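Fold and geometry: a report
Each chain, written out:
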Amino acid sequence: MSISVNSSHREYSAETRITALLLMPSNLEITQAGERLRDESASPTEILLDIAPPVVDAPARVDETGVELKRGAFFNTIAMLASNFRGIFTFLVARLLGPAALGIFSVAWSTTDIISKIGVLGLDNAITTFIARSEAVGNRARSRALFRVAVVLGVAQSIVTAAIVIVALQFFNNRLHLQPQMVSALALVLCAMPGLALYRISTAISRGMKVMQHDIYSRGMTEPIATTLAFLLALAVGFKESSPEVAAIVGTAASGLIALALASTLFRHVPPQREVVSTLGEARSLLGYAAPISIYQLINAFIARLDLIMLGYFVGRAPGVTLATVGVYSAVIGTANGLRKVNQAFNPIFAPVVAGMTATGDHDRAAQTYARLAQWMLWILLPLVAVMALAGGTILLIFGPAFRQGSVWLGIVALASAINAFVALGETVIMVQRPRLNLLHSSITFAVAAGGLLWLIPRFGVMGAAFGILLPYIVQGVLRYTTLKFVFHWKDSWSDIRPPLISAVIAVVPSLVCRALVGSDIAGQVISATAFLAVFGFLWWRHHLRSSHLG
């Protein structure tokens with residue numbers, strides 16, 4: 001698909017537009033002092049970075065934005081698909097150790113992922129911006145200095161944070177009222193935090209240098225291979241139930257080292273430094289800029305992991321909640337989270353594109369681009385949700401017969417994940433213009449999630465957890481839609497999202513008929529899902545031909 005642009009529009013050339021984008025945060029700090037995220041003295045280099053680039057007019061190219069989005073989405077999709085190979089590790093844990101071991105590891109890993117946000121302290125986002133600004137003015141020596149500062153800070157902070165939490169677990173273990181196996185697993189897997197920090201910051205540095213391929217090698221290939229091999233080796237030498245935690249430590253460390261090595265290659269041929277870069281000053285600037293971002297990231301991480309963590313807390317204290325059912329639910333989450341990753345194919349390229357448009361005042365084209373991407377995502381998300389809802393039991397059989405009980409949970413969590421992936425586009429639009437609104441939305445969503453889960457899980461067990469994570473994402477979607485409509489005054493894009501929605505409604509009818517006629521066993525699930533895909537695919541193809549003809 002391509003995005004049509006009126007030929008009367010005047011726009012930056014590609015190079016100038018990218019430069020304007022990279023400098024945009026500094027310009028916003030000048031014009032919107034009330035929206036500042038940090039308070040720091042400006043160095044001569046920072047003053048230079050705050051100078052807006054000259055405007056260069058160029059003829060509008062009709063397909064430029066569409067081609068840019070598709071090219072970026074292509075590379076991001078490869079990285080996303082490669083990262084899914086970690087599912088092999090999850091599959092092996094479920095098959096070789098059972099659902100209880102998978103549940104313990106999943107809760108420990110989810111908790112570690114949240115705590116790692118505190119250790120990294122938003123440096124992964126901040127360093128991308130700082131590196132990009134430095135590269136925009138050709139100061140490669142400063143980029144290298146920033147690279148070193150960020151890596152040292154991130155790893156050091158993660159080591160200290162992990163040590164504090166491990167010590168706290170030993171002192172307050174009895175007061176937490178957690179399962180002993182879960183506390184031991186958490187204390188062990190926390191040792192993966194330095195590797196996580198190294199991976200995130202190094203990958204962010206590569207992205208700041210506009211190199212997207214490094215993530216394919218570090219996370220997409222190295223991590224799943226190293227984790228899987230380490231798990232099998234740990235199991236063979238006798239670690240038994242602790243094998244998943246040991247494998248996670250090895251896998252994240254390997255991924256972090258590869259990401260660091262790849263990022264280092266970008267600074268091999270750096271010209272002699274022309275000015276003295278204050279390491280302490282750069283560290284202070286990075287931490288000051290990153291601290292508010294870390295709060296936003298921490299809240300989002302809590303929301304995404306809260307249902308599983310709270311299930312782990314309620315083991316033995318809520319109806320039907322055992323270590324085994326937590327393991328089944330963790331497999332459900334792992335399967336449904338594939339829908340969240342659909343956003344990763346579009347968001348990394350959508351963010352700079354929409355930021356450039358809003359920075360130059362081209363809000364109408366930004367709204368059109370958002371609507372077009374929303375349609376693309378719905379064409380992908382809707383059939384995936386339908387397949388997981390209609391054939392969830394069959395899909396979960398890959399983990400073992402005991403996991404089939406999670407079929408209904410999978411349909412609910414898949415819908416929640418799809419909503420989260422879809423509304424993340426709105427989060428990006430708001431972030432590049434009014435980032436504090438995203439913090440407000442996340443705070444409200446977190447309150448709804450925590451309150452809902454605390455009320456639902458003790459009463460309905462795992463089913464309560466599934467609905468408890470669906471509710472906050474619906475609230476989050478409403479908040480972001482309202483913001484786009486009434487704060488940014490963007491027009492409704494119903495004409496763009498209507499085709500996939502109507503197609504899904506039409507396709508669900510024959511699938512339900514097949515389920516009623518054939519039954520709900522494996523054959524019925526497969527046939528009903530196939531019927532949906534066939535009808536939905538036909539309607540998508542007809543819409544595609546019509547759009548191509550009109551275009």
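Report on the accompanying structure.

As for the environment of S330
With respect to the secondary-structure elements, S330 resides in helix α14 (residues 323-340). In this structure, the C-alpha to C-alpha distance between S330 and F105, residues 225 residues apart in sequence, is 9.3 Å. Within the structure, S330 has its side chain in polar contact with the side chain of S106 (distance 3.2 Å). Among the polar contacts listed, one links the side chain of S330 to the backbone oxygen of G327, at a separation of 2.6 Å.

Considering unusual backbone geometry
Positioned with a positive phi, L121 is a non-glycine residue whose angle comes to about 55°. Among the residues examined, L121 registers a relative accessible area of 25% and is labelled partly exposed. Located in the positive-phi region is K240, a residue other than glycine, with phi close to 55°. The topology assignment puts K240 in the loop between α11 (214-237) and α12 (243-264). What makes K240 exposed here is its relative accessible area of 54%.

Looking at the packing of aromatic side chains
Counting across every chain of the model gives 12 aromatic pairs. Centre to centre, the rings of W540 and W541 are 5.9 Å apart; their planes meet at 50°, and the pair counts as tilted. You can call W541 partly exposed: its relative accessible area is 45%. Ring-pair connections join several aromatic residues into one group, and the members of that group are F89, F105, W109 and F231. The positively charged end of R317 is found above the aromatic ring belonging to Y313, 4.2 Å away from the centroid.

What about the nonpolar core?
Of all hydrophobic cores here, the largest spans 97 residues; its most connected members are L311, Y329, F403, I457 and W490. Ranked by the residues each element gives to this core, the list is headed by helix α16 (residues 363-390), at 15 residues. Listed in part, the 26 residues of the second largest apolar core include I127, V151, I201 and A263.

Things to note about the pattern of salt bridges
Under the counting rule described, the total for this entry stands at two salt bridges. Linking D113 and R200 is a salt bridge whose minimum nitrogen-to-oxygen distance equals 2.6 Å. Here R200 lies in helix α10 (residues 193-208) and D113 lies in helix α5 (residues 99-120), a separation of 87 residues in the sequence. Under the relative-accessibility criterion, R200 is labelled buried at 13%. As a salt-bridge pair, R305 and D113 come within 3.3 Å of each other at their nearest N and O atoms.

Considering the packing of helix α7 (residues 140-171) against helix α9 (residues 180-189)
At a minimum axis separation of 9 Å, α7 and α9 run at an interaxial angle of 160°. On the basis of the axis angle, α7 is roughly antiparallel to α9. Judged by the sense of rotation from one axis to the other, the crossing of α7 with α9 is left-handed. Only V183, L186 and A187 of α9 make contact with α7, whose side of the interface consists of I166, L169 and Q170. For the contact of α7 with α9, the residue count by class is five nonpolar, one polar and no charged.

Comments concerning the environment of T203
For T203, the position within the fold is in helix α10. Between the alpha carbons of T203 and H214 there is a distance of 6.9 Å; along the sequence they are 11 residues apart. In this structure T203 touches D215, S218 and A259, once residues within four positions along its chain are discounted. Here the side chain of T203 touches Y199 through a polar contact of 2.8 Å, landing on its backbone oxygen.

As for the packing of α11 against α12
Closest axis-to-axis distance for the α11/α12 pair is 7 Å, and the angle between their directions is 150°. Comparing their axes, α12 and α11 come out roughly antiparallel. Between α11 and α12 lies a crossing of right-handed hand. Tallied by class, the residues present in the contact of α11 with α12 amount to 16 nonpolar, eight polar and two charged.

Thresholds applied
- Residues numbered from 1 in each chain as written.
- Predicted model: local features only at pLDDT ≥ 70, side-chain atom pairs only at ≥ 80, totals over all residues.
- Heavy atoms only, no water.
- Helix = DSSP H or I, 4+ residues; strand = E, 2+ residues; numbered from the N terminus.
- Polar contact = N/O pair within 3.5 Å; in protein donor to acceptor, adjacent residues only side chain to side chain.
- Buried < 20%, exposed > 50% of the residue type's maximum accessible area, 1.4 Å probe, protein only.
- Phe/Tyr/Trp six-rings, centres within 6.5 Å; stacked < 30°, edge-to-face > 60°.
- Lys NZ or Arg CZ within 6 Å of the ring centre and 35° of its normal.
- Core = buried A, V, L, I, M, F, W, Y, C linked by side-chain atoms within 4.5 Å.
- Salt bridge = Lys/Arg side-chain N within 4 Å of Asp/Glu carboxyl O.
- Axes fitted to C-alpha atoms, helices over the stretch in contact; angles between N-to-C directions.
- Parallel < 35°, antiparallel > 145°, perpendicular 65-115°, else oblique.
- Left-handed = near helix turned anticlockwise from the far one by under 90°.
- Contact = heavy atoms within 4.5 Å.
- Nonpolar A, V, L, I, M, F, W, Y, C, P; charged D, E, K, R; others polar.

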